[in-house]
Amino acid sequence: SGKRPAIELGQRLFFDTRISGDGRFSCGTCHVPERNWTDNRTRGFAAAEVDRNTPTLMNLRLSRSFGWAGSSDTLWGQSIRPMLDKRELGASAAHIAQLVRNDDQLACRYRKTFGEPPSPSDDQAVMVGVAKALAAFQETFETPPTPFDRFRNALARGEPSTYPDAARRGLRTFIASCASC
C-alpha cells in the first residue's frame, strides 16, 4: 500500500487483458477511468452478465469492508474474487502466476515490488502478490476535494474561507433538518 513500485505494477495488471482466462478482459474493462471507475451499466458484464452493477472504485482507501456484501476485510482479498469469477475475468491462480512469471517486464516489476521473483511453484502466493499490487493501484483513486471539503479544511486550520453564503445557509439547513437521518 502506498509504494510506487506496487502501484505501477498494479496499474499495468489492471489494464492487461491477459489477466483474464480468455485474454479478452481486464479490470479496466468494467472499471473504466472515464466513467468514474465503473461501466455505467445496470448489470456488470465481462465474460458474462453479473447480478449487480459494477461499483465505482473511488475512495476505496477509506473503506473498511469490500465487495457488495462486505465479504472481504481487505482490498487485496476482494481483488482476488473477480479474477477467479467465471462471469468476470474467469482466470485461475495458475493462469495469473504463469502470466507474471513468463512476462519479463511483469516478473521484473514483481521482483522490484516484493523483493523477490514470483515463486516458481506457489501459484497462490503469486496471485496474492498480484492482488496486493492491484489494491495498491486502486487505493490511488480519490475524488478531488469539493468546495465543502476546502471550507471544512479551512475551518479546521482556523483560516478564512470563501465558501458562498448560500452554501453556508444550505449547510445550516442540512445540519438542522437532515443530518440526524
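Here goes a summary of the coordinates provided. Only a predicted model underlies this, so the values are computations on that prediction, with no experimental measurement involved.

Tallying each qualifying case throughout the model produces 13 aromatic pairs. Centroid distance F14 to F15: 5.0 Å. Interplanar angle 70°. Geometry classified as edge-to-face. Among the residues examined, F14 registers a relative accessible area of 1% and is labelled buried. Ring geometry for F14 against F141: centres 6.0 Å apart, planes inclined by 80°, an arrangement best described as edge-to-face. On the criterion of sequence distance, the pair formed by F14 in helix α1 (residues 4-14) and F141 in the loop between α6 (123-138) and α7 (147-157) is long-range, its members being 127 residues apart. F141 gets classed as buried once you look at its relative accessible area, which sits at 4%. Here a set of aromatic residues connected by ring pairs shows up, and it is made of F14, F15, W37, F137 and F141. Over the face of the ring belonging to W76 we find K132, whose NZ or CZ atom lies 5.0 Å from the ring centre.

Moving on: the environment of G67. Summarising the element assignment, G67 is placed in the loop between α2 (27-30) and α3 (75-84). Its relative accessible area of 35% is what places G67 among the partly exposed residues. The spacing of G67 and E88 is 21 residues in sequence and 14 Å in space, taken between C-alpha atoms.

What follows covers the nonpolar core. By size, the foremost hydrophobic cluster in this structure holds 37 residues, and its most contacted members are L13, F14, I19, M83, V130 and L134. Of all elements in the fold, only α1, α2, α3, α4 (93-102), α5 (104-114) and α6 reach the threshold of two or more residues within this core. Setting aside residues up to four positions removed in sequence, L134 forms contacts with G10, L13, F14, I19, C27, S79 and M83.

Right, let's get into the side chain of R101. Topologically, R101 is positioned in helix α4. By relative accessible area, which is 17% here, R101 ends up buried. In this structure the side chain of R101 is engaged in a polar contact, spanning 2.6 Å, whose partner is the backbone oxygen of S119. Residue contacts for R101: discarding those within four places in its chain leaves A107, P118, S119, P120, S121, D122, D123 and V126.

What follows concerns the layout of surface pockets. The volume enclosed by the largest pocket comes to roughly 790 Å³. Residue lining of the largest pocket: 37 residues in total, with H31, P55, Q78, R81 and E88 positioned closest to the centre. Mapped onto the lining of the largest pocket, the elements with two or more residues apiece are α2, α3 and α6. Considering each element in turn, the lining of the largest pocket owes the most residues, six residues, to α3.

Bringing α6 into the picture now. Its 16 residues place the ends of α6 22 Å apart at the C-alpha level, agreeing with the 22 Å of an ideal helix rising 1.5 Å per residue. Residues of α6 that are buried: V126, M127, G129, V130, A131, A133, L134, A135, A136, F137 and Q138. Where α6 is buried, its residues meet α1, α2, α3, α4 and α5. Its side-chain oxygen 3.3 Å from the backbone nitrogen of Q124, D122 forms the N-cap of α6.

On to the pattern of salt bridges. Between side chains of opposite charge, a pair can form as their charged atoms come close. For the structure on display, the rule yields 12 salt bridges. A salt bridge links R87 to D85, with the nearest nitrogen and oxygen atoms 3.0 Å apart. A relative accessible area of 14% means that D85 is categorised as buried. Here the salt bridges share partners, and the residues they tie into one network are D51, R81, D85, R87 and E88.

Cut-offs used in this document
- Residues numbered from 1 in each chain as written.
- Predicted model: local features only at pLDDT ≥ 70, side-chain atom pairs only at ≥ 80, totals over all residues.
- Heavy atoms only, no water.
- Phe/Tyr/Trp six-rings, centres within 6.5 Å; stacked < 30°, edge-to-face > 60°.
- Buried < 20%, exposed > 50% of the residue type's maximum accessible area, 1.4 Å probe, protein only.
- Helix = DSSP H or I, 4+ residues; strand = E, 2+ residues; numbered from the N terminus.
- Lys NZ or Arg CZ within 6 Å of the ring centre and 35° of its normal.
- Core = buried A, V, L, I, M, F, W, Y, C linked by side-chain atoms within 4.5 Å.
- Contact = heavy atoms within 4.5 Å.
- Polar contact = N/O pair within 3.5 Å; in protein donor to acceptor, adjacent residues only side chain to side chain.
- 1 Å grid on protein atoms, 1.4 Å probe; cavity = no way out; pocket = protein on both sides within 12 Å on 5 of 7 lines; lining within 4 Å.
- Points joined across faces, edges and corners; volume = space filled by probe spheres on them.
- Expected span 1.5 Å × (residues − 1).
- Salt bridge = Lys/Arg side-chain N within 4 Å of Asp/Glu carboxyl O.

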